[in-house]
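Topology and contacts: notes
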Amino acid sequence: MFQEIRHQVAGQGQRIARTADCLATLDVLSALAEIAHERDYCRPVIDDGDRIFILEGRHPVIEAVMLSERFVPNDVLLDTDENQLLIITGPNMAGKSTFMRQVALMTLMAQMGSFIPATEAHIGIVDRIFTRVGASDNLARGQSTFMVEMMETAAILRNATRKSLIVLDEIGRGTSTFDGVSIAWAVAEFLHDTESCAAKTLFATHYHEMTELAVTRKRIKNYTVAVREWNDQIIFLRKITEGGASHSYGIQVARLAGLPLEVIERAREILRNLEKGEYGEGGVPRIAKGGKRSDAPVSPQLQLFDETEDPLRKRLEAITIATLTPLEALNILDQLKRMV
Ligand SMILES: Nc1ncnc2c1ncn2[C@@H]1O[C@H](COP(=O)(O)OP(=O)(O)OP(=O)(O)O)[C@@H](O)[C@H]1O
Ligand SMILES: [Mg+2]
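Right, let's walk through the structure included here. (Residues numbered from 1 in each chain as written. Chains lettered and ligands numbered in written order. Predicted model: local features only at pLDDT ≥ 70, side-chain atom pairs only at ≥ 80, totals over all residues. Heavy atoms only, no water.)

What follows concerns the overall build of the protein chain. The helix and strand tally for the protein chain stands at 11 helices and 10 strands. For the protein chain, whose C-alpha radius of gyration is 28 Å, the value lies well above the compact-globule estimate of 20 Å for 340 residues. With the C-alpha coordinates of the protein chain rotated into their principal frame, the extents come out at 115 × 45 × 45 Å. Buried positions account for 33% of the 340 residues belonging to the protein chain. (Helix = DSSP H or I, 4+ residues; strand = E, 2+ residues; numbered from the N terminus. Rg over C-alpha atoms; globule rule 2.2 N^0.38 Å. Buried < 20%, exposed > 50% of the residue type's maximum accessible area, 1.4 Å probe, protein only.)

Laid out in structure tokens, this is it:
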């Protein structure tokens with residue numbers, strides 16, 4: 001009996017396989033249709049052009065799992081004339097990574113024939129989507145975190161074409177500040193200047209110096225994620241707007257994450273020292289246009305602590321409190337006040 005059944009099934013093998021194939025296609029299409037209907041997706045216009053324009057786009061996964069906060073939609077315009085490379089700066093936790101990934105995901109969804117989470121969209125077909133996101137390593141194969149980051153970046157620069165879409169999330173962060181900013185800067189310049197791989201690119205970074213690139217490069221534009229400061233707190237507005245950011249608010253975010261208060265306080269103190277060292281006279285950053293430090297002395301590492309001889313400190317150290325009369329103390333206090 002078994003053999004007979006097997007024989008009959010084998011005779012209909014092709015029909016069964018075809019039916020399964022049709023059912024699978026139907027399953028995928030009806031699932032996409034159901035989601036599109038339930039979540040209010042739109043039908044993108046797709047063509048062979050070079051423009052990606054999305055109005056009020058959302059992240060298909062995050063908007064579905066987020067219960068506590070309303071997902072804020074964002075627009076994007078990428079093309080090969082004026083908006084080829086968008087530098088996205090903004091505080092930690094603001095929504096840079098989410099924004100870049102949603103653009104890549106919507107492009108992918110559109111090209112596979114799905115509706116997408118936006119109110120209007122125009123997608124010029126891309127040949128590949130390259131991403132460099134997150135931090136991973138491959139220690140077993142002799143590759144460190146930074147090595148993996150650089151290998152992936154190298155592969156992108158070698159293989160991207162004018163038709164590609166590239167998402168770069170904070171490249172260069174895996175090494176020291178100056179090495180990192182130099183690499184990030186050079187990669188952005190390369191993607192803009194090299195005709196053959198001038199791909200549409202989204203580039204998130206905390207190196208605020210990079211916003212300078214938009215001044216000298218025609219197709220580079222700056223975008224930032226809006227936040228409001230309120231009583232030493234930050235309120236995330238999640239809206240992508242034109243312009244650059246000047247702060248990362250990393251310490252505030254670290255506080256939100258529950259780092260011990262003494263660590264936060266100490267971090268603030270170190271930040272103040274660093275900022276004093278990193279900025280030249282009149283608050284001008286030492287990293288000027290072109291990525292070069294504009295004035296000497298060039299030290300390979302930022303100065304963590306200000307060690308110059310401070311006259312105020314010297315005067316304070318010279319005081320022996322035990323032998324002071326109250327009147328002398330007042331006089332010294334007056335002197336010190338004058339010195340400041
Ligand atoms: N448009 C949005 N609307 C509502 N919530 C959002 C939106 N974008 C991001 N978020 C929320 O903010 C969180 C942080 O976003 P994201 O990781 O994109 O920030 P980031 O700017 O990349 O931060 P970092 O600089 O630390 O990498 C997300 O996990 C998400 O919950
Ligand atoms: Mg991020």
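Below, the discussion takes up the site of ligand 1. Every one of the 16 residues lining ligand 1 counts as a neighbour, but M93, K96, S97, T98 and H206 are closest to it. Take M93: an N or O atom from its main chain is 2.8 Å from an oxygen atom of ligand 1. About the coverage of ligand 1: the protein hides 78% of its 640 Å² of free accessible area. With three residues, helix α4 (residues 96-111) is the largest single contributor of residues to the shell around ligand 1. For the shell around ligand 1, the class distribution of residues is six nonpolar, five polar and five charged. (Near = heavy atom within 4 Å. Polar contact = N/O pair within 3.5 Å; in protein donor to acceptor, adjacent residues only side chain to side chain. Areas by Shrake-Rupley, 256 points an atom, 1.4 Å probe, with all protein chains shown as cover. Nonpolar A, V, L, I, M, F, W, Y, C, P; charged D, E, K, R; others polar.)

So, about the sheet that holds strand β6 (residues 129-132). The mixed open sheet is built from six strands, whose spatial order is β6-β7-β8-β4-β9-β10. A strand with exactly one partner marks an edge of an open sheet, and here the two such strands are β6 and β10 (233-242). On average, each strand axis in the sheet is inclined to that of its neighbour by 15°, with strand direction left out of account. Where strand β4 (residues 85-89) meets strand β8 (residues 200-204), four bridges bridge the pair, whose relative direction is parallel. For L85, the partnering residue across the bridge sits in β8 and is T201. With respect to the sheet, α4 is in contact with β4, β6, β7 (165-169), β8, β9 (220-230) and β10, its orientation differing from that of β7 by roughly 160°. Across the sheet, helix α5 (residues 145-159) is in contact with β6 and β7; its angle to β6 comes to roughly 155°. (Pairing = 2+ DSSP bridges. Axes fitted to C-alpha atoms, helices over the stretch in contact; angles between N-to-C directions. Contact = heavy atoms within 4.5 Å.)

Moving on, we get to the nonpolar core. Ranked by size, the top nonpolar core spans 33 residues in total, and within it I54, L78, F99, I116 and L202 carry the most contacts. Counting residues per element, this core draws most heavily on α4, at seven residues. Filtering out sequence-adjacent residues up to four positions away, L202 remains in contact with L78, L86, I88, F99, M100, V103, I166, V167 and L168. One finds I166, V181, V187 and F203 within the second-largest nonpolar core, a separate group that totals 22 residues. (Core = buried A, V, L, I, M, F, W, Y, C linked by side-chain atoms within 4.5 Å.)

Residues other than glycine seldom take positive phi values, yet M93 does so here, at roughly 70°. Relative to the elements of secondary structure, M93 occurs in the loop between β4 and α4. With phi around 55°, E170 is a residue other than glycine that occupies positive phi space. Tracing the backbone through its elements, the reader meets E170 in the loop between β7 and α6 (177-193).

With that out of the way, let us pick up the environment of T145. Within the secondary structure, T145 sits in helix α5. Excluding residues within four positions of it along the chain, T145 makes contact with A135, S136 and D137.

So, on to the sheet that holds strand β3 (residues 74-78). A sheet is described by the order of its strands in space; here four strands give the open sequence β1-β5-β2-β3, paired in mixed fashion. The sheet is open, and its two edges are formed by β1 (45-47) and β3, each paired on a single side. Within the sheet, the average angular offset between the axes of one strand and its neighbour, ignoring direction, is 15°. Examined bridge by bridge, β1 and strand β5 (residues 120-124) share three bridges and lie parallel to one another. The partner of V45 across the bridge, within β5, is H122. Its contacts with the sheet put α4 on β1, β2 (52-57), β3 and β5, and the angle it makes with β3 is roughly 70°.

For helix α2 (residues 13-38), which comprises 26 residues, the first-to-last C-alpha distance of 37 Å matches the rise-based estimate of 38 Å (1.5 Å per residue) to within 8%. Note on α2: the residue one or two positions beyond its end, D40, has a positive phi of about 65°. (Expected span 1.5 Å × (residues − 1).)

Applying the stated criterion across every chain yields a total of 12 salt bridges. Notably, a salt bridge pairs E265 with R268, separated by 3.9 Å at the nearest N-O pair. Placement of the pair is E265 and R268 together in helix α9 (residues 261-278), with a separation of three residues, close to one helical turn. A residue is classified by how much of its surface remains accessible, and E265, at 45% relative accessible area, is partly exposed. Under the relative-accessibility criterion, R268 is labelled buried at 17%. Among the ionic contacts, a cluster of salt bridges with common partners joins E189, D193 and R217. (Salt bridge = Lys/Arg side-chain N within 4 Å of Asp/Glu carboxyl O.)

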